[in-house]
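Residue-level listing of the chains:
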Amino acid sequence: MLLRFTKMHGLGNDFMVVDLVTQHCKLNEDLIRSLADRHRGIGFDQLLVVEPPSQPNNDFKYRIYNADGGEVEQCGNGARCFARFVLDKKLTTKNHIKVETLSGDIELIVEADGNITVDMGIPKLAPSRIPFNAPQQQATYKVQTVGGEIELGAASMGNPHAVLVVDSINNAPVNTLGAELESHPDFPQRVNVGFMEVLSRQEINLRVFERGVGETQACGTGACAAVVVGCIQGLLDEQVTVNLPGGSLTIQWQGEGHSVKMTGPACRVFEGQIRL
Ligand SMILES: N[C@H](CCC[C@H](N)C(=O)O)C(=O)O
């Protein structure tokens, strides 16, 4: 069969986006991994799938698969591209789009300037809901690593995040400590690992070693989790500019019990089709 797709990115975090509303295709881990291969396949950080909703009050179901083939709960940069995709493909005419994800319903708002704002939902901070092995919720946790004990913050945006505060992202051990923490036994479902440099109470630099992918040029849920952890540690205000290697996002969070709002761009690169 021929599968139509669109290649997209959110600040360089890149996606293969597939409409399984007007197409039908059985996806499995091996197929996704081969499609994600940047030398032998299409190449992407995540595969995003558009499906009909299972609840009538929602517009779509949004499914997300990492390059390693594993299905995950949430993808923030992907959510912005999802909104751009369903409008470009005329699968909807709405500019407030409600989608179902593995971690709950989120709302995508297409702004007049073309940016997309996503209500990413309320972050989960209880260790059992991240999930993270700790006896109680704290602003920082001590974790044993090969190089000794480190401190980190932890939160879930539907998907699990660890966030470390560093003096500079330029020499942060993203690909060594990030890789170690991604599969650390204290995170039973593995974890995305953010390295946050605080520039002011309204601006941070951030690099993220993503679960199932490695370092990406941007991570939307990682930006949300970094602001949540930074606010809880008393380092940040309610609105923060998050500078990632691929560009900047605006994140807003009014504190525990409130949703995190993320605003940023979504770009279409090319249309394609692949024979499966
Ligand atoms: N690697 C993540 C999923 C994609 C998140 C990221 N691309 C974003 O923009 O939020 C995980 O395993 O939870």
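About the cut-offs
Residues numbered from 1 in each chain as written. Predicted model: local features only at pLDDT ≥ 70, side-chain atom pairs only at ≥ 80, totals over all residues. Heavy atoms only, no water. Near = heavy atom within 4 Å. Polar contact = N/O pair within 3.5 Å; in protein donor to acceptor, adjacent residues only side chain to side chain. Areas by Shrake-Rupley, 256 points an atom, 1.4 Å probe, with all protein chains shown as cover. Nonpolar A, V, L, I, M, F, W, Y, C, P; charged D, E, K, R; others polar. Phe/Tyr/Trp six-rings, centres within 6.5 Å; stacked < 30°, edge-to-face > 60°. Helix = DSSP H or I, 4+ residues; strand = E, 2+ residues; numbered from the N terminus. Buried < 20%, exposed > 50% of the residue type's maximum accessible area, 1.4 Å probe, protein only. UniProt positions renumbered as here; feature names shortened; annotations may be inferred. Contact = heavy atoms within 4.5 Å. pLDDT = per-residue confidence, 0-100. Arc of directions from axis to C-beta. Salt bridge = Lys/Arg side-chain N within 4 Å of Asp/Glu carboxyl O. Expected span 1.5 Å × (residues − 1). Core = buried A, V, L, I, M, F, W, Y, C linked by side-chain atoms within 4.5 Å.

In the vicinity of the ligand there are 15 residues, among which Gly 76, Glu 210, Arg 211, Gly 220 and Thr 221 approach most closely. Gly 76 is positioned such that a nitrogen or oxygen atom in its backbone is 2.8 Å from an oxygen atom of the ligand. In this structure, Asn 192 approaches the ligand through a side-chain N or O atom, which is 2.9 Å from an oxygen atom. Protein contacts shield 100% of the accessible area of the ligand, which totals 360 Å² for the unbound molecule. The residue inventory of the shell around the ligand, partitioned by class, reads three nonpolar, 10 polar and two charged.

Right, let's talk about the packing of aromatic side chains for a bit. To describe a pair of aromatic rings, one takes the distance between the centres and the angle between the planes. Within this structure, the stated rule accounts for five aromatic pairs. Note on Phe 60 and Phe 82: the rings are 5.9 Å apart at their centroids and 70 degrees apart in plane angle, and the pair reads as edge-to-face. Highlighted residues: Phe 60 in strand E4 (residues 60-66) and Phe 82 in helix H2 (residues 76-88), separated in sequence by 22 residues. For Phe 82, a relative accessible area of 0% translates into the label buried. Each member of the aromatic cluster is reached from another via a ring pair, and the members are Phe 60, Tyr 62 and Phe 82.

The feature "site: Important for dimerization" (unreviewed entry), as given by UniProt, occupies Phe 270 in the numbering adopted here. When you line up the elements, Phe 270 lands in strand E18 (residues 267-275). Beyond its immediate stretch of four places on either side in the chain, Phe 270 contacts Phe 5, Thr 6 and Lys 7.

Another point: the UniProt feature "binding site: substrate" (unreviewed entry) in the protein. The sites that carry the UniProt feature "binding site: substrate" (unreviewed entry) are, in the present numbering, Asn 13, Gln 46, Asn 66, Gly 76, Asn 77, Asn 159, Asn 192, Glu 210, Arg 211, Gly 220 and Thr 221. Relative to the elements of secondary structure, Arg 211 occurs in the loop between strand E13 (203-210) and strand E14 (214-216). Beyond its immediate chain neighbours, meaning those up to four positions away, Arg 211 contacts Asn 66, Val 72, Glu 73, Asn 159, Pro 160, Glu 182, Gln 189, Arg 190, Val 191 and Asn 192. You can see Thr 221 is positioned in helix H4 (residues 220-232). Accessibility expressed as a relative area gives 2% for Thr 221, which makes it buried.

Overall, the prediction assigns the protein a mean pLDDT of 98, with 100% of residues at 70 or greater. Confidence metrics for the complex model read pTM 0.98 and ipTM 0.98.

All of the buried residues in helix H1 (residues 29-36) are Leu 31, Ile 32, Leu 35 and Ala 36. What you see down the axis of H1 is that its buried residues fit within an arc of 130 degrees, all on one side. With a side-chain oxygen positioned 3.1 Å from the backbone nitrogen of Asp 30, the residue opening H1 is Asn 28.

The next point concerns the pattern of salt bridges. Evaluation of the coordinates by the stated rule reveals 17 salt bridges. In this structure, Arg 38 and Asp 45 form a salt bridge, with 3.0 Å as the shortest nitrogen-oxygen distance. On the accessibility criterion, Arg 38 (48% relative accessible area) is partly exposed. Salt-bridge contacts for Asp 59 lead to Lys 94; the nearest nitrogen and oxygen are separated by 2.5 Å.

Among the structural elements, Ile 122 can be located in the loop between strand E8 (116-119) and strand E9 (141-145). The spatial distance from the C-alpha of Ile 122 to the C-alpha of Gly 257 is 6.2 Å, given a sequence separation of 135 residues. Here Ile 122 is in contact with Gly 257, His 258 and Ser 259, once residues within four sequence places are set aside.

Bringing H2 into the picture now. Each α-helix turn comprises 3.6 residues. Residues three or four places apart therefore point the same way. Taking 1.5 Å per residue, 13 residues should reach 18 Å; H2 reaches 19 Å between its end C-alpha atoms and fits that length. The element H2 is extensively covered by neighbouring structure, given that 12 of its 13 residues are classed as buried. Taken together, the buried positions of H2 are Gly 76, Asn 77, Gly 78, Ala 79, Arg 80, Cys 81, Phe 82, Ala 83, Arg 84, Phe 85, Val 86 and Leu 87. Two residues or fewer past H2, Lys 90 is found with a positive phi of approximately 55 degrees.

Next up on the list: the side chain of Asp 45. Within the secondary structure layout, Asp 45 lies in the loop between H1 and strand E3 (46-51). Apart from the residues within four sequence positions on either side, Asp 45 is in contact with Gly 12, Asn 13, Asp 14, Arg 38, Tyr 65, Asn 66, Ala 67, Val 213 and Thr 216.

This next bit is on the nonpolar core. Ranked by size, the top nonpolar core spans 54 residues in total, and within it Tyr 62, Leu 108, Val 242 and Ile 251 carry the most contacts. For this core, the leading source of residues is H4, giving eight residues. Beyond its immediate chain neighbours, meaning those up to four positions away, Val 242 contacts Ile 204, Leu 206, Ala 223, Val 227, Gly 247, Ser 248, Leu 249 and Ile 251. One finds Tyr 141, Phe 187, Val 191 and Val 193 within the second-largest nonpolar core, a separate group that totals 20 residues.

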